[in-house]
Amino acid sequence: MGFKHKDIIGLQDLTREEIQLLLDTAENMKEISDRDIKKVPTLRGKTVVNVFYEASTRTRTSFEIAAKRLSADTINISASTSSTTKGETLSDTALNILAMKPDIIVMRHAASGAHHYLAQRVSCSVINAGDGAHEHPSQGLLDMLTMRQKFGTIEGLKVAIVGDITHSRVARSAIFGLTKMGAAVCLAGPPTMMPPGIERLGNVTVCTDMRDAIEGADVVMMLRIQLERQGKTLLPTLREYARYYGLNPGNLPLAKKDAMVMHPGPINRGVELSSYVADGDQSYILKQVENGVAVRMSMLYHVSGGELPTE
Amino acid sequence: MAEEKTTILDGVGVKRALTRIAHEILERNKGIADLVLVGIRTGGVHLARELSARLEEIEGGRVPVGEVDITLYRDDVKGHAPHLPVGKTDIPFSVEKMKVVLVDDVLFTGRTIRAAMDAIMDHGRPDCIQLAVLIDRGHRELPIRADFVGRNVPTSRKENIVVMFDADNRPTEVVLEK
């Protein structure tokens, strides 16, 4: 069983077996980060270009560390310092980067579908590090890896996802991934933040009351209210949001006793997540970040392909 | 083309070879002090466990066993076809200043051993690395030689040597396929 894709745009495009392979590889690559010498020579001589059109600390750093642990050379381009500010189109930027012969482009872009567009135009591999409100596959994979480490399997888990589902690429990747792996997903959020018809994506139910979604859940995944985006116009006040859709010591006991609390970060403390819960025993938020490096190593490894001599 | 199979070593033969290798390891290293075994996945790991059990029978002390997966250290990955799945490397002890005996089932080109040595060096600086293999089939492409050999088997490059294991991962026989 091999991974045959040149690019990873979204978990929607991957089969259950391919997701399994990416997670297994990530699990086995975790050990590299615990060594004295945190490096293997696998992608020696390969060039990974990180192009980030949107702000990011965690994802960009994580991809860069992942590439470096595999011995690839990395270059970071962020929109604020790039030619984009001079009016260059995505296509032109891509062709110019391509002329410098990279092997993998890791990109974050505000437009959903930007990676699909790019992948059709370049010969190198493209990895989606988040596109608009579409997908964020590396986050979806690291979420699943974190769940699998605790429960052994994803099959049969009840996962509650609470927050702004409409504008969340994290939610969409989680939904595609989790339903493929056999989990049941319950979504909750204000009606202004719930896309109509989302329950058609598979084993997905929609709750208007957050308490219904987290009741009996194995995992409670809280989404960040994106204050820099549409958040302000879709909500009366943050206090009201925190009261009805925030996770706190009052409503967390509705979930299973050993339920995991997850959050893609950065946290708005006191809004979607109270500090008590974010720093509590059930919080797996830093574990998620730790797993992020292994998952991204696995993605870089598998898209870069390889051929064994056939004897 | 009909596939022809010849048994090179049967179960008893494998056992005798491993017992002799265990004695040779002890003789060379004057006991089991600072000695660790690292098996190359997956056949080498099973054999390393067998050797560890024999060393314990003879010497009375336990010799730790680690496993190394060399997928990430291969020199033959290129082009655009699927990458191999990555197995787990698990060396639950420090190799720093230890005498490491690397264990594999079949020694062929030597490229796997080169990769495994690089992997071990990334975990620390051992005092020395020795190599134990059940079968040496020749055709080396690198300047590598085994310290302990179960059986030397002259082969042609087209032939294949398979070490078979039972459900409990104990070696049962070694087969030459033509």
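What counts and how
Residues numbered from 1 in each chain as written. Chains lettered and ligands numbered in written order. Predicted model: local features only at pLDDT ≥ 70, side-chain atom pairs only at ≥ 80, totals over all residues. Heavy atoms only, no water. Helix = DSSP H or I, 4+ residues; strand = E, 2+ residues; numbered from the N terminus. Rg over C-alpha atoms; globule rule 2.2 N^0.38 Å. Buried < 20%, exposed > 50% of the residue type's maximum accessible area, 1.4 Å probe, protein only. Contact = heavy atoms within 4.5 Å. Phe/Tyr/Trp six-rings, centres within 6.5 Å; stacked < 30°, edge-to-face > 60°. Lys NZ or Arg CZ within 6 Å of the ring centre and 35° of its normal. Salt bridge = Lys/Arg side-chain N within 4 Å of Asp/Glu carboxyl O.

In terms of regular secondary structure, chain B is built from three helices and eight strands. Counting helices and strands in the order they occur from the N terminus, chain B gives β-α-β-α-β-β-α-β-β-β-β. Rg of the C-alpha trace for chain B: 16 Å, near the compact-globule value of 16 Å for 178 residues, within the 12% margin. The dimensions of chain B, computed from C-alpha atoms along their principal axes, are 50 × 40 × 30 Å. Classification of the 178 residues of chain B by burial places 52% in the buried group. Restricting the contact set of chain B to residue pairs at least 6 apart, pairs at least 24 apart contribute 69%.

This next bit is on the side chain of Thr89 of chain B. Mapped onto the elements of the fold, Thr89 of chain B is located in the loop between β3 (65–68) and β4 (99–107). You can call Thr89 of chain B buried: its relative accessible area is 5%. Leave out the neighbours within four places in its chain, and Thr89 of chain B touches Glu31 and Arg35 of chain A together with Glu67, Val68, Asp69 and His123 of chain B.

The next point concerns the packing of aromatic side chains. On inspection of all chains with the given rule, the structure shows one aromatic pair over all chains. When the ring centre of Phe63 of chain A is taken as reference, the NZ or CZ atom of Arg296 of chain A above it lies at 5.1 Å. The lysine or arginine in question, Arg137 of chain B, covers the ring of Phe108 of chain B, its NZ or CZ lying 3.9 Å from the ring centre.

Here the focus is the pattern of salt bridges. Taken as a whole and judged by the stated rule, the model has 23 salt bridges over all chains. A salt bridge links Asp24 of chain A to Arg148 of chain A, with the shortest nitrogen-to-oxygen separation between them at 3.0 Å. Taken as a pair, Asp24 of chain A in helix α1 (residues 16–29) and Arg148 of chain A in helix α5 (residues 137–151) lie far apart in primary sequence, 124 residues in all. A relative accessible area of 33% places Asp24 of chain A in the partly exposed class. Among the salt bridges present, the one from Glu50 of chain B reaches Arg54 of chain B, with a minimum N-O distance of 3.3 Å. Residue Glu50 of chain B and its partner Arg54 of chain B are located together in helix α2 (residues 43–59), separated by four residues, close to a single helical turn. With a relative accessible area of 10%, Glu50 of chain B lands in the buried category. Take Arg54 of chain B: its relative accessible area is 10%, and that puts it in the buried class. When salt bridges with common partners are traced through the structure, they connect Arg41, Arg49, Glu67 and Asp69 of chain B into a single cluster.

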